[in-house]
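Chains, contacts and geometry: an overview
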Amino acid sequence: MIVRAARAAAAALCLTATILAPAHAQVVTVHDDPAAATAAVELWYRVPSAGYDLKSPGIARMALAGAVASKLAGGSSLSEMVNRLGGSLAIQVFPDISMVGASVPAASAPAVLRAMTEAFFNPSITAAGLKIAAQDSAVAAAQQPYDSALTLQDALFAQLFSQGPAHYAPVPDAAEFAKLAPADVQAFAARAFRKGNAIFSLAGNVSDALRSTVPPAVPALDTLPLDSTLAGSPGETSAAARVPGMGFAWTGPSISDPRAATAMDFIADYLFDPQSGTVTQAARSQRTSFVGGQFVTLHDPGVLLVTISGETAATLQQPVLDAVSAMAQPLDAATFSKARKAFLYHIMSQIQTPVERADNAGWYTAEGNTQYAPGDPSDTYVNAVNSLDPQFVAQVARTYLQHPATVRLLQSSPGGSTST
């Protein structure tokens, strides 16, 4: 999810969910489903991917990968332990957030959580672990240019934000990873992953044993959401990539304005849902291009991203911009009612697994509004959806969707030449 927040499914709404927030301590979100065979255990951190001084692009990813690959006191690394248990391990790095998570058989979850806290709360990134991390990061960097949607996303954020974490790609060029000194990676990990910075997100079969494995609270440290500085008037830029494409981005409401943020979610769904979006349906005749869109819910501001990947991307530019502009006029009542029902269904169908529920809770908590997470017992998100009407959605579109930042990807060969 680039920066894509998972959205909750109907199943999540009938689960018990608690938020444990001891004074001056890490936050624990729990979505319990006793019928599940697995549990998802995640640690989320509010950290800048380019380092606290924003001078070390890629350092958060290198630190995460190094921590999961380094041997622990028991003789195995966290990644080896999870693999041995038949589970899966994931790390995700966004401009302002990092996450490490594991999905494992429920009975093994307490042991995995203990290993996870050992690996991260007092990280000791070994030379062998750092070597694995460097190899893994180099592979990720090599793959990035072939993913035009991610390339566009990074370029659009770099244009929208002049300073702050959002200006920097979470996965930079391989040359940036090579510049990172082991001592700097270790120092970053020691500060970023401290116990007081952790946000725990647990989902699935969350047993009493797993709950009791969450360590006692400690004073909070670097726990405030990280915002970035907006640039001036957006314009158009170009970038080289292995695959051609075009992208557009509009800044939108912050997570503290749930109704407006949900209206932007609705707009993205109505236009760009992979199956039913009006734009994506119309673009299917362009078999050599793919259109995607989403509203990225961030602390402040959110961002509506639209990416067009493929050889005929330029021919879709005006239809996409026209469709977005048209949202400034209210939909008719019947169309809106049908679209809102579809939107709510899509939200409710996109988080069926423990991992998806943990991702969902962790993302919104890290961005500063736990209750806004779809599936939260407060029903904040569902209530916001139900409150939408055609006039309000059009008003939000008029407020935010006027002047996009634009990035055009020019296809380049491995040798460096480009073509339109």
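Located above this text is the structure these notes cover.
Residues numbered from 1 in each chain as written. Predicted model: local features only at pLDDT ≥ 70, side-chain atom pairs only at ≥ 80, totals over all residues. Heavy atoms only, no water.

All right, on to the overall build of the protein chain then. For the protein chain, the count of helices and strands is 16 helices and 14 strands. For the protein chain, the C-alpha radius of gyration of 21 Å lies close to 22 Å, the compact-globule estimate for 420 residues. For the protein chain, the spread of C-alpha atoms along the principal axes amounts to about 60 × 55 × 35 Å. The contacts of the protein chain with a sequence gap of at least 6 include a subset with a gap of at least 24, amounting to 79%. Summing over all exposed atoms, the protein chain offers an accessible surface of approximately 16,900 Å²; the carbon and sulfur share of this is 54%. In the protein chain, 24 positive and 31 negative side-chain charges are present, and the distance between their average locations comes to 3 Å. (Helix = DSSP H or I, 4+ residues; strand = E, 2+ residues; numbered from the N terminus. Rg over C-alpha atoms; globule rule 2.2 N^0.38 Å. Contact = heavy atoms within 4.5 Å. Areas by Shrake-Rupley, 256 points an atom, 1.4 Å probe, with all protein chains shown as cover. Lys, Arg positive; Asp, Glu negative; His and termini not counted. Charge placed at Lys NZ, Arg CZ, Asp CG, Glu CD.)

Another aspect to go through is the nonpolar core. Among the nonpolar cores identified, the biggest contains 69 residues, and Phe 266, Ile 267, Leu 271, Val 291 and Met 327 are the most heavily contacted of them. Beyond its immediate sequence surroundings of up to four residues, Val 291 is in contact with Phe 272, Val 279, Thr 280, Ala 283, Val 306, Thr 307, Ile 308, Leu 316 and Val 320. In terms of nonpolar packing, the next biggest core, distinct from the first, is built from 50 residues, Val 41, Val 104, Phe 121 and Val 206 among them. (Core = buried A, V, L, I, M, F, W, Y, C linked by side-chain atoms within 4.5 Å. Buried < 20%, exposed > 50% of the residue type's maximum accessible area, 1.4 Å probe, protein only.)

Moving on, we come to the pattern of salt bridges. Applying the stated criterion across every chain, the model contains 9 salt bridges. Residues Asp 33 and Arg 357 are paired through a salt bridge, measuring 3.8 Å at the closest nitrogen-oxygen approach. Here Asp 33 is found in the loop between strand E2 (27–32) and strand E3 (38–46), whereas its partner Arg 357 is found in helix H14 (residues 354–366), with 324 residues between them in sequence. Given a relative accessible area of 2%, Arg 357 falls into the buried group. Measuring nitrogen to oxygen at the nearest pair gives 3.3 Å for the salt bridge that ties Glu 176 to Lys 179. What makes Glu 176 partly exposed here is its relative accessible area of 25%. Linked by salt bridges that have partners in common, Arg 191, Arg 194 and Asp 222 make up one network. (Salt bridge = Lys/Arg side-chain N within 4 Å of Asp/Glu carboxyl O.)

What follows deals with the pairing of strand E12 (residues 302–310). Burial analysis of E12 places 9 of its 9 residues in the buried class, the great majority of the element. For strand E10 (residues 245–252) and E12, the ladder comprises 8 bridges, and the chain directions are antiparallel. When the sheet's bridge partners are listed, Gly 252 is paired in E12 with Gly 302. The pairing of strand E11 (residues 289–296) with E12 spans 8 bridges and is classified as antiparallel. Paired with Gly 293 across the strands is Val 306, a residue of E12. Following E11, the chain reverses through 5 residues before pairing antiparallel with E12. (Pairing = 2+ DSSP bridges.)

Where strand E4 (residues 88–93) and strand E5 (residues 97–105) come together, 6 bridges link them in antiparallel fashion. Paired with Gln 92 across the strands is Met 99, a residue of E5. Where E4 folds back on E5, the antiparallel hairpin that results is connected by 3 residues.

Let us look at the environment of Ala 342. With respect to the helices and strands, Ala 342 occurs in helix H13 (residues 333–348). On the accessibility criterion, Ala 342 (28% relative accessible area) is partly exposed.

We now examine empty space enclosed by the protein. Enumeration according to the criterion identifies 3 cavities of 30 Å³ or more in this entry. Empty space within the largest cavity amounts to approximately 120 Å³. Around the largest cavity, the lining comprises 14 residues; the ones closest to its centre are Asp 96, Ala 166, Leu 226, Ser 228 and Leu 298. Class assignment for the residues of the lining of the largest cavity results in 9 nonpolar, 2 polar and 3 charged. (1 Å grid on protein atoms, 1.4 Å probe; cavity = no way out; pocket = protein on both sides within 12 Å on 5 of 7 lines; lining within 4 Å. Points joined across faces, edges and corners; volume = space filled by probe spheres on them. Nonpolar A, V, L, I, M, F, W, Y, C, P; charged D, E, K, R; others polar.)

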